[in-house]
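One letter stands for each residue in the lines below.
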Amino acid sequence: MSALSFFVGKGGVGKTTVASAYAVYRANSKPRRPVLLLSTDPAHSLADVFQVRLGSKLRLLPLGGSAKLTVWQVNAELQFRKFLDRYRVAIVSLLESGTLFSREEIEPLLDTTLPGMAEMAALLAIHETLERGRYAEIVVDTAPIGHTLRLFEMPEYFARFLDLLDLAGSRDQVLAEHFGGSVAASNPFIAEWRAMVGAVQAALHQRESRIVMVTTPEEFALQESVRTAKAMLSAPDPLHVTDVILNRAVRSDGHCLICKQSKARTKAAAQFVQRNFRGIPMHVAEDLGGPALGARTLLEFGRHVFAGKKLRPIARTPAKKDDVKLQPTQWPALKTPITWTTGKGGVGKTTLSAALAVNQRKHAPARPVVICSTDPAPSLDDVFQKRIGNRPVSVAGDAKLRAAELDAAAEFRAWAGEMKAKINDAFSSDVRGLHVDLSFERRVLTALLDMVPPGVDEIAAIFRILDLAGEKQTLLVDMAPTGHALELLRMPGRILLWSRLLLKSLAPHRRMSLARDVAVQIATLSHRVRELANMLKDGRSSRVVPVMLAEPLPDRETTRLLGALDDLGISTSELFVNRVLFAEDVNHCHRCQAAREWQMETLSKLRRRHRGKNIYVVRNRAREIAGTAALKSLIGELWQIV
Ligand SMILES: [Zn+2]
């Protein structure tokens, strides 16, 4: 069986680059062992890293000599459809035999975009390549951390879903036993699914398989990696981190103040890793001062990280760029009742969101502000240096500034609890006589509500936002990294589609009071969701503020993000570029000068590309921003590209 190597880590720690460097290094050191590099991140960047065009199919890349590497950016939608088409008949007939719904009611639901599709598709893609048996090693570049955990929980979730289907499918059997008949049991495709889940689980637990945690020396990334490692260990199917990579490490400081602090931070981080990941090998990856782009640079970087080779400075510097002029400006007020911030992981979107919220309180002292994180790996508590939970609590010593980190799973369980109570009521009072049949429906529905479905983050987030947006306050939503943020913004439209389908399905069951209750609830919800969907497209009610770094990869991702927002009819009028190095900050340091050159090239491109937008520039701080004082100092200065 192929070995699986999973690369996990907080967004922005350079996971894709490190996973790519590893894959290139492995493919190169043993050219006869075929290696596949597979990305399951909905915001793909493999094509950017390798500087090639990649469609949704596997592509074989020559690496020089006889070495080759196959790369695959998994298209979740496509992968999922392929799977669904294969099992459509079996799924529909199972659901039809096991639930109140008829074939005509189930089919249209299967054709919509289902929650958890990305995670499911990733699992399917991994299984498909395991089956194929062509690769000695499969390297998986996963989505940012919160969603990675969801991916690892998929086999368990899937197993429970299969139990449910088994139960649903046994309905005819139960009825037959009760009334003295007989039905042919067992569904061959359930067995097939089980085998698939088992195969992925087994592959993950092989001795040759690896779970590689990538982190940077930054406090937030380190904390997150420890949290994730713990969560993976306490999962129903515990997984152990096998390697830790300390990326963007600085071990030689020249005479530069920035690098001197980075060096101190690296040293502390290495000790932190050794303390918290006892006995697990740590690989140190030196900061390049520029992006590792293209197979050749990746190989060199891979040799450095995984074989301990000394890193030669990257020869490439950006092509000639125009001069970029910056002028000082004020932090902008939030102009709409709802503001959504997003950006690639690790760009400091939560820090800037917190700064925008603190700044907003100065602009409109009478109006409360709520900042709500829908990121499954939230860091508002790290930024405000305060415990923040599912319910809003006041932060920064200001009663009118409140913060919340959405706990989607808890939110779903609370809702499911209410629904279960209703179902129990309905089934005990509504009908007699058909006792066997309905107690069965109850078992199926209760089993369904006991699972926290994948994709619940975005749904729960929309419900929460509906609650918060109703009150007289300014709302700032700190969203998950790009790919999942787009999922969130698409969610209102999807909820509207599902509610239409569900209402249609419930209509024939009007006789049951439960069905009537549910129909009323769905109708009310869809009314509110429609309002939110309209707000999203109205620049006076809501706007999206992208946050980025002045580096080539975040730049390309932001361009794609803006395109996708345009497609959704959502306009953006401003853009934040975080951590820009100023000339007086870099002095004579080679690494920082190279980094600044890449930044200036990106900034000049940005100015040309987004003429009509306000492009704000936040200066790089040697220290991380944490706590009220740091936030207040951050909103003391801001620049704008002229
Ligand atoms: Zn430096």
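Everything below is about the structure shown above.
Every chain is numbered independently, its residues counted from 1 as its sequence is written. With pLDDT at 70 or above as the cut-off, local features in this predicted model cover only qualifying residues; side-chain atom pairs require 80 or more to be listed or tallied, and sums for whole chains, interfaces and linings still use all residues. Where side-chain values are given, they derive from all heavy atoms of the structure, hydrogens and water being excluded.

### Description of the sheet that holds strand S2 (residues 35–39)
Any two strands with at least two DSSP-identified bridges between them are counted as paired. Elements are defined by DSSP. Helices are runs of H or I of four residues or more, strands are runs of E of two residues or more, and each kind is numbered from the N terminus. Overall, mixed pairing links the 8 strands, which are arranged S3-S4-S2-S5-S1-S6-S7-S8 in an open sheet. Looking along the sheet, the strands with just one partner apiece sit at the ends: strand S3 (59–62) and strand S8 (282–286). Across the sheet, the mean angle separating the axes of adjacent strands is 25 degrees when strand polarity is ignored. As defined by bridge partners, strand S1 (residues 3–8) adjoins strand S5 (residues 137–141) across 5 bridges and the pair is classed as parallel. Counted as the bridge partner of phenylalanine 7 is aspartate 141 from S5. We call two residues in contact whenever any of their non-hydrogen atoms come within 4.5 Å of each other. Each axis is a line fitted through C-alpha atoms, taken for helices only over the stretch in contact, and angles between the N-to-C directions span 0 to 180 degrees. Against the sheet, helix H1 (residues 15–29) makes contact with S1, S2, strand S4 (68–73), S5, strand S6 (210–215) and strand S7 (243–249), and its axis sits at roughly 165 degrees relative to S5, the strand it touches most.

### Quick notes on the packing of aromatic side chains
Paired rings are identified among Phe, Tyr and Trp, the last through its six-membered ring, by centres lying within 6.5 Å, and are further divided according to the angle between planes into stacked (under 30 degrees), edge-to-face (over 60) and tilted (the rest). In this structure the tally under the stated criterion is 7 aromatic pairs. Aromatic pair phenylalanine 576 and tyrosine 616: ring centres 5.1 Å apart, planes at 35 degrees, arrangement tilted. Within this pair, whereas phenylalanine 576 is found in strand S16 (residues 574–580), its partner tyrosine 616 is found in strand S17 (residues 614–619), the two being separated by 40 residues in sequence. The rule is simple: take the accessible area with a 1.4 Å probe, protein chains only, and divide by the maximum for that residue type; under 20% is buried, over 50% is exposed, in between is partly exposed. For phenylalanine 576, a relative accessible area of 1% gives the class buried. According to the relative accessible area criterion, tyrosine 616 is buried, its value standing at 6%. Aromatic side chains phenylalanine 582 and tryptophan 639 sit 4.8 Å apart centroid to centroid with 70 degrees between the ring planes, which places their arrangement in the edge-to-face category. Remark: tryptophan 639 occurs in strand S18 (residues 638–641) and phenylalanine 582 occurs in the loop between S16 and helix H20 (583–586); sequence separation between them is 57 residues. According to the relative accessible area criterion, tryptophan 639 is buried, its value standing at 14%.

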